[in-house]
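# Commentary on secondary and tertiary structure
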Amino acid sequence: MDKNSFYDATRLIYLSLAYSSGNKRIGTQNSTEMTELIQRFQSESAFREMVDAGLRGMELRLLAVADNGLRLSARSADSFFATTLTDYGKLMARTDLKAAEVLPVHCAIASAFFPAESDLDAPVEDLGAIAVADVIDILRRFARAEVRTEASRSDDADDPVHPQVKTVARRLLELPEENPDQRRAGAGSSWVDLIGRILEHMVETGYLLAFEETPGTVEYRPTPAYQSALREGIVYSFHAFRDLVSEEQRRQDAAQSVEDESDVSTQ
Amino acid sequence: MDRCRVAWGTASKGPQKITSTNKIMPIQLDLINFSTNSENFEKGQSDGPPVTQTNGASETGLATDVTRAVHSALIMRPIYELETRRFLQTDSDDTSAIWQGLDLMWIAFAVLDTISELSEYQLGATREEVLEKTHPLARQQAIASGLAPTDDGLYKVLGKVFDHLVNRENRYLPFDYTYFDGTANRHRSRKFWLIKTVYTGQGQKALFSLTEEGYTAYFGLHETSALDAAAIGNLRIKLLIERGNVDDAISVAEGNRKQCIRKALEIRHIRRLIKRNIRTVDFEQVQALAEEGIHQGTDIQKESARLHNMVIENLPDSAGEKHGRRLYRLADLLEGLNHQLMKLSAELQHLPEDYHSHSHKLFRRRSSGAFPPMEQVMRRVFAIAEADAANVGTEFIARIDPPGQRPIFDPAAVIEACDRALERKNAAEDRRQTVVEVDGASIERFVPDLDETIMEQAFAMLHDTIRDKGEIRLSRLLERSISREAVAEFGVMFPDAMAMAVFQCVVEHRIARLHQIRVEMPDPENRMERHLPAGRKYRGHELHLQFQPGFRTHENT
């Protein structure tokens, strides 16, 4: 590989970063170069390896290859390029655990778009549009169901969840659905606020398209970029839960064994 | 007025009632299917101690009962707290007078009633609607207590009551009270709304609707499901009619009507779910609701039909015109209720049919197995503790969102930003301000040693010398200028001026032409050095200066 290829590979990464962030200006200025680079990326395996290595080095993940750029995301939350809560705007930066609210809302939006597993592979045109009301419906349903099972679980097992441990569902249920004072400073957030902010951010990043066919109601349609990003996202959160549970189990076992030992030693 | 007194009466008796009904609980349990009370998702409630007296320890029974009563009584606390609120900002005088004069609890219940009334046709009520509906009631009350309130003042007071009930001061979050749980021997907290904002996506205004707790607060502290409450209501109506207390019977019938509205809302919600996402609806739940419609609903409906007949039969031999009128009213109400119940039980029975008609959606293309279904992910996500969820959330965001744009430090950008800031300071307004100088000293201007005249003299001599000689080397020229006569005539700086004149001829072609001089460097290796009298030292190439005629425009002009 010569020096030019190295330049081309980094150039492709740079332009793809701009493309993924929704920067139209850089995209249009370099569109012919980008097309050539993408073609080279698809045809030349050596070049492709080079780009892959570059992405790995920059802790970026390749989500999908589109006609006018590579769709990228950060590899993990520690990465330099990771989107943080502050990128969602001021509303989100207020408290530590705000991410605990963003996660379920993101998942609810995804559930509205992809009710069935197969939808994650379906062409985006078939997925239809959603409105804020649909997301609220889903949040309502899951939050209530979870709190209910939580209550029954604590009844059955005679081992209620530690009262200080608040689940996501409970946290959401303690927020109002809508806050008429939201324009006032310090008025607090609500479901509608959260959803609105997240949808807005997704439109900014080119994950969703917003349509306002009848005035007042905005409908959102997904883009292939969102679909491919979400595949990564839900597989992660699905396994993250399993990891959390198994870790909890291990911790409990450890605590149990310590308790047993201490019982023995005192007796 | 009457109705509210009833509601208030039952509310205050609530705790006693619950404790005293322990003995007849089995009968009631038979009558009222408490297990259908699935809406009571409050954890404190569900892990509330079961009503068993098997252990016989009186302390446990006491703790259980008291905790239960306290837990239920908390619901009324926001309403009680109303009295302790004061109007601090007395911009108009009569608000505090109105606040003192009105029965705030009455107003609070009126607000609850209005909302439950308004949510028959819509999902909730706006603030304006509620205030408008309660306004005449409040006015009546104020007049009765000898006040002459202004509209503005009344609206302010009503608004304040409403804001308190929706917990506006605390950002519409739920009311949060700590209480002591005697059975678990620790403090717990109960969070609930009486009136909650519901999102509908229609219109610009927020809609408020009653929560389960709101209904409970209004209908006394029964905390029962809608149909159970309707059944109890029917029993009470029967009892009251038998005792001849028509007024109370009317109010209970009104209450029953509202319970029906509450049930209708629940049905509406489930039907929507069936239409939109049938996989989330449990068929057993639908079946249970339908059975509830067949058995309980029909029973209640039959019972109220019987009550209606009873009232109709009693009508002819009712004594007194006033009594008769009230009986008519009750009959009317019961008839309406009867229709409503019939519709309700029909709707309940239709639910399985709806389910079946949408059941083809259950057979849609199933998953490939590559990805976890969204439903499952959601369920898992909601079960995570919030601190863990925050971590998962940050990671999730990083993974699904496109790479963030990170600014990289660039000094040029900083300078540019500073420039822009300074420019902005130079705006028209700033320039107009006069500058007041403190300790100002006049700025010293730089005065060059080689001033205009001495340079002119140097150029003149340079020109003359070359014209006379035709060609001269630089070292010779400098020697001449250092000569005693020259220094005596033009000053000690003259050799410097001469060197500068030659230098200017070298760098600027036009100056050389002006003075008809051509500068040449025949041998780059040949260098020269010379001390000048003013203390400087000239060092450089040995240049040849030649005369080049024909260009001197200076003299021509």
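Located above this text is the structure these notes cover.
Described below are features of the structure shown in this document.

## Remarks on the sheet that holds strand S6 (residues 517-520) of chain B
Residues and elements named next belong to chain B. Strand order in the open sheet formed by three strands is S5-S9-S6, with antiparallel pairing between adjacent strands. Strand pairing shows two members of the sheet lacking a second neighbour, strand S5 (471-473) and S6, which therefore form its edges. Direction aside, neighbouring strands of the sheet carry axes that sit 20° apart on average. In this sheet, strand S9 (residues 544-547) lies alongside S5 in antiparallel orientation, the contact comprising three bridges. Paired with Arg473 across the strands is His544, a residue of S9. Across the face of the sheet, helix H19 (residues 452-469) comes into contact with S5, S6 and S9 while running at roughly 75° to S9. Sitting on the sheet, helix H20 (residues 474-482) touches S5 and S9, and the angle it makes with S5 is about 85°.

## Details of the packing of H19(B) against H20(B)
Residues and elements named next belong to chain B. Running from N to C, H19 and H20 cross one another at 125°; their axes reach a closest spacing of 12 Å. Between H19 and H20, the interaxial angle falls into the category oblique. By crossing handedness, the relation of H19 to H20 is classed as right-handed. Residue-level contacts link Met461, Leu462, Thr465 and Lys469 of H19 to Leu477, Arg480 and Ser481 of H20. Looking at the contact of H19 with H20 residue by residue, the classes come out as three nonpolar, two polar and two charged.

## Focus: helix H8 (residues 127-144) of chain B
One turn of the α-helix equals 3.6 residues, which is why residues spaced by three or four share an orientation. Residue and element names in this part refer to chain B. In this model, H8 (18 residues) spans 25 Å end to end at C-alpha, consistent with the 26 Å of a helix rising 1.5 Å per residue. For H8, the full list of buried residues reads Val130, Leu131, Thr134, His135, Ala138, Gln141 and Ala142. Against the buried residues of H8 lie helix H7 (104-118) and helix H9 (151-165). Looking one or two places after H8, you find Gly146, whose phi comes out positive at around 80°.

The rules behind these values
- Residues numbered from 1 in each chain as written.
- Chains lettered and ligands numbered in written order.
- Predicted model: local features only at pLDDT ≥ 70, side-chain atom pairs only at ≥ 80, totals over all residues.
- Heavy atoms only, no water.
- Pairing = 2+ DSSP bridges.
- Helix = DSSP H or I, 4+ residues; strand = E, 2+ residues; numbered from the N terminus.
- Axes fitted to C-alpha atoms, helices over the stretch in contact; angles between N-to-C directions.
- Contact = heavy atoms within 4.5 Å.
- Parallel < 35°, antiparallel > 145°, perpendicular 65-115°, else oblique.
- Left-handed = near helix turned anticlockwise from the far one by under 90°.
- Nonpolar A, V, L, I, M, F, W, Y, C, P; charged D, E, K, R; others polar.
- Expected span 1.5 Å × (residues − 1).
- Buried < 20%, exposed > 50% of the residue type's maximum accessible area, 1.4 Å probe, protein only.

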